[in-house]
Amino acid sequence: MKAFVIVAGLLCASPALAGPVVREAAGANAAAIQAAVDQFRADLGNPNNGNTAGSQPGGRREINWDGGGATAPVGLFPTPMTTFQNRGATFVTPGSGFSISGQPTPEFAELNATYPNLFASFSSPRIFTALNSNVSETVFHVPGNPAVAGAVTGFGAVFTDVDGEFSTKMEFYAPDGTLLYEQFVPWVAGDDTLSFLGVSFDAGELVAKVRIVSGNAAPGPDEAGSLDLVVMDDFIYGEPVATEGLAITPESGRIFRSADFELVLAIQPPAGTYLTGGRVWLDGADVSAFLLACFQGGSSSEGQTFSCPVPAGALAAGDHTLQVEIDLSDQTRRRNSTRWTIVP
Ligand SMILES: [Ca+2]
Ligand SMILES: [Ca+2]
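Residues numbered from 1 in each chain as written. Chains lettered and ligands numbered in written order. Predicted model: local features only at pLDDT ≥ 70, side-chain atom pairs only at ≥ 80, totals over all residues.

Moving on, we come to the overall build of the protein chain. When its secondary structure is counted, the protein chain shows three helices and 24 strands. Against the compact-globule benchmark of 20 Å for 344 residues, the protein chain has a radius of gyration of 22 Å, which places it among compact chains. Expressed as a percentage of the 344 residues in the protein chain, the buried residues total 44%. Sequence-distant contacts, at least 24 apart, represent 75% of the contacts inside the protein chain between residues at least 6 apart. (Helix = DSSP H or I, 4+ residues; strand = E, 2+ residues; numbered from the N terminus. Rg over C-alpha atoms; globule rule 2.2 N^0.38 Å. Buried ≥ 20, exposed ≤ 12 C-beta atoms within 10 Å, placed from the backbone. Contact = placed C-beta atoms within 7 Å.)

One finds Ile33, Ala157, Val158, Phe172, Phe196 and Val207 to be the most contacted residues of the largest nonpolar core, which totals 60 residues. Excluding its chain neighbours within four sequence positions, the residues that come into contact with Phe172 are Phe155, Leu180, Tyr181, Glu182, Val199, Val207 and Val210. Counting 19 residues, the second-largest nonpolar core is a separate cluster that includes Leu246, Leu265, Leu291 and Val310. (Core = buried A, V, L, I, M, F, W, Y, C linked by C-beta atoms within 7 Å.)

Here we come to the domain arrangement of the protein chain. You can read the domains of the protein chain as domain 1 (2-15 + 243-343) and domain 2 (20-240). Counting residues at the interface gives 17 residues for domain 1 and 16 residues for domain 2. Among the secondary structure elements, those contributing two or more residues to the side of domain 1 that touches domain 2 are strand S23 (318-328) and strand S24 (333-343). A per-element tally of the side of domain 1 that touches domain 2 places S24 first, with six residues. Classifying every residue of the side of domain 1 that touches domain 2 gives two nonpolar, nine polar and six charged. (Domains from an automatic or database assignment. Nonpolar A, V, L, I, M, F, W, Y, C, P; charged D, E, K, R; others polar.)

Turning next to the pairing of strand S11 (residues 179-184). Note: strand S10 (residues 169-173) against S11, five bridges, orientation antiparallel. Bridge pairing links Tyr173 to Leu179 in S11. As consecutive antiparallel partners, S10 and S11 are separated by five residues, and within that stretch Gly177 has a phi angle of approximately 95°, a positive value. (Pairing = 2+ DSSP bridges.)

Moving on: unusual backbone geometry. That bond from Thr79 to Pro80 is cis: its omega, -5°, falls within 30 degrees of zero. The topology assignment puts Pro80 in the loop between strand S3 (75-77) and strand S4 (89-92). The phi dihedral of Asp192 falls on the positive side, at around 55°, and the residue is not glycine. Looking at the secondary structure, you find Asp192 in the loop between S11 and strand S12 (194-201). For Asp283, which is not a glycine, the phi torsion comes out positive at approximately 50°. As for its placement among the helices and strands, Asp283 is situated in the loop between strand S19 (275-282) and strand S20 (285-286). Here Asp283 falls in the buried class, since 26 other C-beta atoms lie within 10 Å of it.

Pairing is antiparallel across the open sheet formed by four strands, whose spatial order is S16-S18-S22-S21. Among the strands making up the open sheet, the edge pair consists of strand S16 (246-249) and strand S21 (296-300). Adjacent strand axes in the sheet meet at a mean angle of 25°, parallel and antiparallel pairs treated alike. (Axes fitted to C-alpha atoms, helices over the stretch in contact; angles between N-to-C directions.)

This is how it looks when you write it as structure tokens:
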């Protein structure tokens with residue numbers, strides 16, 4: 001009976017064609033990318049939650065680097081950069097740290113006198129770069145609480161002076177470390193140009209980390225020969241929600257369609273809290289009712305468990321994303337997801 005319920009449930013979910021929703025644009029000025037940026041904001045939802053502590057029910061976060069305005073001096077930061085942890089993001093680079101531009105000019109003239117001729121802001125006046133590296137990573141956690149790992153539904157960034165088709169890219173990683181998606185940022189000839197790439201996911205995929213390769217060299221030298229120097233402006237991302245304390249097995253990876261497997265949710269509420277509700281989506285379709293009929297309770301070293309046997313053939317060949325969200329008695333949420341590639 002249980003096997004029948006789960007097969008019927010999963011097949012009836014009739015998953016929509018899932019995947020990344022990509023918004024991108026490049027051009028000579030802010031107006032050239034504004035529509036793509038606004039569409040991406042709409043994809044993530046309103047409001048912009050600013051510096052509000054804690055994971056909010058919806059909306060998004062933004063960082064424009066413009067605090068202090070036109071008179072602010074250059075801001076130098078170590079790695080990890082913790083300045084925006086109140087917005088649920090920490091920045092890491094293999095380089096020596098980060099810089100938010102500022103006086104003497106807000107286009108990094110202190111790094112190289114030619115840079116004001118290369119770089120422009122989308123949100124005026126300040127822009128952002130890693131130092132001694134062209135690589136930076138954004139890692140998500142609960143806003144105001146970096147000890148609790150989190151994930152978002154999408155991330156986008158503005159870049160300035162992307163001159164090459166393959167110089168600048170973003171990689172999106174799931175909470176279990178799997179690379180979900182990667183794409184090069186659109187380029188356009190010229191200087192003082194702006195590019196935008198924003199990717200959100202509509203099938204339940206979650207992003208715990210974004211790795212950005214910004215140009216093909218670290219800032220410092222003149223942009224000569226094959227060098228393509230690129231720095232960043234606005235970061236825009238979905239509301240970070242805690243992933244910690246909610247584990248899904250199997251983790252992302254390949255599963256043979258001919259094999260049975262066991263879906264197990266392991267939930268470890270923080271001390272003093274308990275589970276009050278939850279929902280499960282398969283490829284964006286709500287399968288909570290089918291799984292509730294199937295789940296068997298138990299416990300493991302990872303906490304309280306809910307198991308459901310998934311019989312061979314219940315999922316069609318291809319990629320499937322399972323997202324789980326639970327509610328806890330302290331009014332907080334936990335959310336996690338896994339992506340299975342079903343192999344014929
Ligand atoms: Ca800015
Ligand atoms: Ca460039």
